[in-house]
Amino acid sequence: MDEAREVYAAWLYLVILEGCCVMGLDALMHGVRLIRQSDRLVRLLARWQMARAARVATLVSGMRTTTVSVLVAVSLSACLHTEMPALDTPAPAQWRQARTTSATQLSAAETAWWLAFKDPLLNQLMQTALKQNLTLQQASERISYARSLQAHELATEKPQLSLYAGPNSLSRMLAVGNSSSGQSRHAASGAFLAGFDLIWELPIFGQGAGQRQITQADLQIAEADVSSRQLSLAAELVRVYAELDAAVQREKQLALAEAGYANLRTLSNKGVSGGFTSPETAESFMTEVQGAQRMRRQNRLNQEMALQRLAVLCGQAEPAEAWLTELQSRPAGKLAEDVQSISLPMRVPAEIIRQRPDIKMAESQVLKATGALGIAKSDLYPKLSIEGALMVAGRVTGESLRHTGSLTYIAPSINIPLLDWGLRREVVNQRESQLREALLAYKEAVLLAIEETENALVNFNESRAQLLAEEQALSRWQAQSAKLQRAVDVGYLSKMDVFKQDMRNQQTLLQYIDAKQAWMRGYAFANKALSGTVSLNPDQQATENTQ
């Protein structure tokens, strides 16, 4: 009963002490006032006859010594802290290519930029990919891992209490011994121990702060990696979708071109028989037919590869048949939305740098290197820990069970580095070099982000200009179709002339399909460069844009 009451007193004291340290310095001062009342606890223990006076006095004395150690440790931990250095951001005031870009100011929430195409199938594929993509799910699991690691690190800074029952180790035997029998401590190899162990390694001299910086940096890196993969997934899906759409439309036009060249070859053969067309002309049309067939085979290969790639991005083994059916049912022509009305979410370079995931990852690497430097500096100073135990020891064989001993203590433990031949100092030098490297890597990441954005902007501008030119050529062809038919009706043009004009028009439509694919790809990667994240819940916006 006495031992149990001593355990209760020690436990109560440690609960007060731990709670004060966790809540901060203000609560710690209140805890000091509580600890000063420990004399009342001593008198209460004596009144209740919970333990022998000498043991209680020893325990309380150890508690007071521990209190002083903790107060000193908390003070040193608050003073010695390695701050993260200021980050130099060499960003321009404006984008060089922005003056030729039609820009609108979008809020940070409007990140579902693919909705500008007003394509229901694309919106459906994007929602599926953002929810089911396996690479994105793996990155999300790394966030959970980083959060668990951070919680684990915070838990290691608190006192650890454990229950032990079993054979004693040599260190415990040296501490407990067997004073009742007068035997050597080393000879009592048949003893057992049962009771509580307490260990608290105090994270002082910036060690705890450095470790928290590292775990926080790891969490930020994992979160930025998810954002980066979301942006890459959205851009890649739009690129593959544009390639698939172009392949489907190109297949239709190549089939018409093959049939048209076959008709021209038939008419040429008749001309050769009549003597008014050369055999070389008929042979040239046969070459065009074979060329169209080769292009169709390559186009079907690209189509199948794009379908399979879409399936992988959506986390599926095989593509859905409805995807291809939907695209094949669409007529070849202009976009559902006017190209001029689709613009980029332009922001100033400084704002882009704050939002881009690669910049956030580089900044987190600086924070991680700062934490590692703080831990290396803390290793130059003494290590302080609080240890305690409440143990009962006895011999398993050879003596009566009443010949037992006990061990009850709580006291600070210190480890002071004296001579290590510069080992710890060299570690500090290494961490300082790594911090400088991380700062340089951050500056390089900023410059690479500026380069990527400028290149994406100029690519978008050029692809849009090309698409507008092809749209004008397509409009002229559509306007001429009716005139050609009237010319055939009045006998002004022959059927061969009409077929030749159709072949030129087919080439115009194929060039428009290629320009549309390039523009969609440029728009996707420009948004990737200019955005910091993508919307994970675009369902409402998609509904509004498709109505």
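Here, every reference points to the structure presented above.
Remember, predicted model here, so these are calculated numbers, not experimental data.

So, how was this worked out
- Residues numbered from 1 in each chain as written.
- Predicted model: local features only at pLDDT ≥ 70, side-chain atom pairs only at ≥ 80, totals over all residues.
- Heavy atoms only, no water.
- Salt bridge = Lys/Arg side-chain N within 4 Å of Asp/Glu carboxyl O.
- Helix = DSSP H or I, 4+ residues; strand = E, 2+ residues; numbered from the N terminus.
- Buried < 20%, exposed > 50% of the residue type's maximum accessible area, 1.4 Å probe, protein only.
- Patch = residues over 30% accessible without salt bridge, like charges linked within 9 Å, V, L, I, M, F, W, Y side chains within 5 Å.
- Areas by Shrake-Rupley, 256 points an atom, 1.4 Å probe, with all protein chains shown as cover.
- Phe/Tyr/Trp six-rings, centres within 6.5 Å; stacked < 30°, edge-to-face > 60°.
- Arc of directions from axis to C-beta.
- Core = buried A, V, L, I, M, F, W, Y, C linked by side-chain atoms within 4.5 Å.

Draft legend 1. Main features of the pattern of salt bridges. Per the counting criterion, the structure on display carries 20 salt bridges. Of the charged contacts, one joins R250 and D514 as a salt bridge, the two residues approaching to 2.6 Å between their closest N and O atoms. Taken together, the residues span a long stretch of sequence, with R250 in helix 8 (residues 207–274) and D514 in helix 14 (residues 495–530) at a distance of 264 residues. We classify R250 as buried; its relative accessible area is 14%. Here the salt bridges do not stand alone but share partners, grouping E236, R239, E243 and R309 into one network.

Draft legend 2. Structural context of a nonpolar patch on the surface. On the surface, I414, I416, L418, L419 and W421 cluster together to form a nonpolar patch covering roughly 690 Å² of accessible area. With respect to the helices and strands, the residue L419 is situated in the loop between strand 6 (404–415) and helix 13 (423–489).

Draft legend 3. Quick look at the packing of aromatic side chains. In this structure the tally under the stated criterion is seven aromatic pairs. For the ring pair F117 and Y523, a centre distance of 5.4 Å and an interplane angle of 70 degrees mean the geometry is edge-to-face. On the criterion of sequence distance, the pair formed by F117 in the loop between strand 1 (103–104) and helix 5 (120–132) and Y523 in helix 14 is long-range, its members being 406 residues apart. For the pair F117 and Y523, one class covers both residues: buried. Judged by relative accessible area, Y523 falls into the buried class, the value being 2%. Counting every residue linked through ring pairs, the aromatic cluster contains W113, W114, F117, F460, W519 and Y523.

Draft legend 4. Seen up close, helix 10 (residues 321–328). Buried within helix 10 we find W323, L324 and L327. Angularly, the buried residues of helix 10 cover 90 degrees about the axis, an arc narrow enough to put them on a single face. Exposed and facing more than 90 degrees away from the buried side of helix 10 are E321, A322 and T325.

Draft legend 5. Examining the nonpolar core more closely. The biggest cluster of nonpolar side chains holds 74 residues, and the ones touching the most others in it are W114, F117, L125, L237, V238, W323 and W519. In terms of residue count, the dominant contributor to this core is helix 13 (15 residues). By size, the runner-up hydrophobic cluster in this structure holds eight residues, among which are L198, F205, I386 and I410.

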